[in-house]
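# Notes for the structure review
Residues per chain, in single letters:
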Amino acid sequence: MISFRAGFLPLARINFDMEAAGEYLAASKAMLGRISPDIICPEKHLCTYDDMIAWIKANKPFDFVIAQASTFMDPRFGLEYLQLLDCPVVIRGVREPSIAAGTRIRLNSLTGAIALTQITKQLGRPFEFVYGNPGEAAVEEAFTRWARAATVYRQIQDMRMGVLGSIPPGYFFSLEE
């Protein structure tokens, strides 16, 4: 069977709750591993531009990338990975864990994911936005759909098409020289 190659970019900023972000990272990697072994994941969060750039350069090319804003993320991360990649992007935000009254927000993932979608849209790049936690049916269905589409894309890349017989009247424009 022809497989595809996808990259998982778990992005985070260390000034947020990295313990909660780490729990989402572990659950996300487990979910993606169930969907397909062809999704390549780093060992830990990519917390700096340099770490993210180095990981992408070491592992590309990809058929698509999942950029998960595990915490708040400024749009420069999106700008950096979009300059390195020529593939569709699935941008993902995770739900905020519970917050005790009077304490600060722990991850702010949704705001980070929105920042990534904004720069992606401004640059005119194709993307899909997925919001939710690992294990939610809609999240798993979205990533499964992408894995299936990437598999079909890989399969048709090497297909050869031809015409047997003569071209029907009126279709001479379809001749290739």
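Scroll up a little and you will see the structure.
Overview of the structure. On a predicted model such as this, the values are computed, not experimentally measured, just so you know. Every residue gets a number counted from 1 within its own chain, in the order that chain's sequence is written. In keeping with the predicted nature of the model, local features appear solely for residues at pLDDT of at least 70, side-chain atom pairs appear and are counted solely at 80 or more, and the whole-chain, interface and lining totals rest on all residues. The basis for every side-chain value is the complete set of non-hydrogen atoms in the structure, without hydrogens or water.

## Brief notes about the overall build of the chain
- The helix and strand tally for the chain stands at 5 helices and 5 strands.
- Taken from the N to the C terminus, the helices and strands of the chain come in the order β-α-β-α-β-α-β-α-β-α.
- Here the C-alpha coordinates of the chain stretch approximately 75 × 30 × 30 Å along the principal axes.
- The classification of residues rests on relative accessible area computed with a 1.4 Å probe and restricted to protein chains. Under 20% of the type maximum is buried, over 50% is exposed, and intermediate values are partly exposed. Every one of the 177 residues in the chain was classed for burial, and the buried ones make up 44%. In this text, helices come from DSSP runs of H or I with a minimum length of four residues, and strands from runs of E with a minimum of two, each type numbered from the N-terminal end.

## Some details on the packing of aromatic side chains
- Only centres within 6.5 Å qualify two rings of Phe, Tyr or Trp (six-membered ring in Trp) as a pair; their planes then separate them into stacked at under 30 degrees, edge-to-face at over 60, and tilted for everything else. In total, this model carries 5 aromatic pairs according to the counting rule given.
- Ring centres 5.9 Å apart and planes at 25° place the aromatic pair Phe4 and Phe64 in the stacked group. With a gap of 60 residues between them, Phe4 in the segment before β1 (6-11) and Phe64 in strand β3 (residues 64-69) connect regions that are remote in the sequence. The same class applies to Phe4 and to Phe64, which are both buried.

## Looking at the nonpolar core
- Definition of nonpolar core: a set of buried residues of the types Ala, Val, Leu, Ile, Met, Phe, Trp, Tyr and Cys, connected through side-chain atoms within 4.5 Å. In this structure, Leu9, Leu11, Met52, Tyr81 and Leu116 are the most contacted members of the largest nonpolar core, which totals 23 residues.
- At the level of elements, β1, α2 (49-59), β3, α3 (75-84), β4 (89-93) and α4 (109-122) are the ones that each hand at least two residues to this core.
- Ranked by residues supplied to this core, first place goes to α2 with 5 residues.
- We call two residues contacting when some pair of their heavy atoms lies within 4.5 Å. Those residues in contact with Leu11 that sit more than four places away from it in its chain are His45, Leu46, Met52, Gln68, Ala69, Ser70, Thr71, Met73, Phe77, Tyr81 and Leu116.
- Core analysis: the second largest hydrophobic core is formed by 17 residues, Leu25, Ile39, Trp146 and Ala147 among them.

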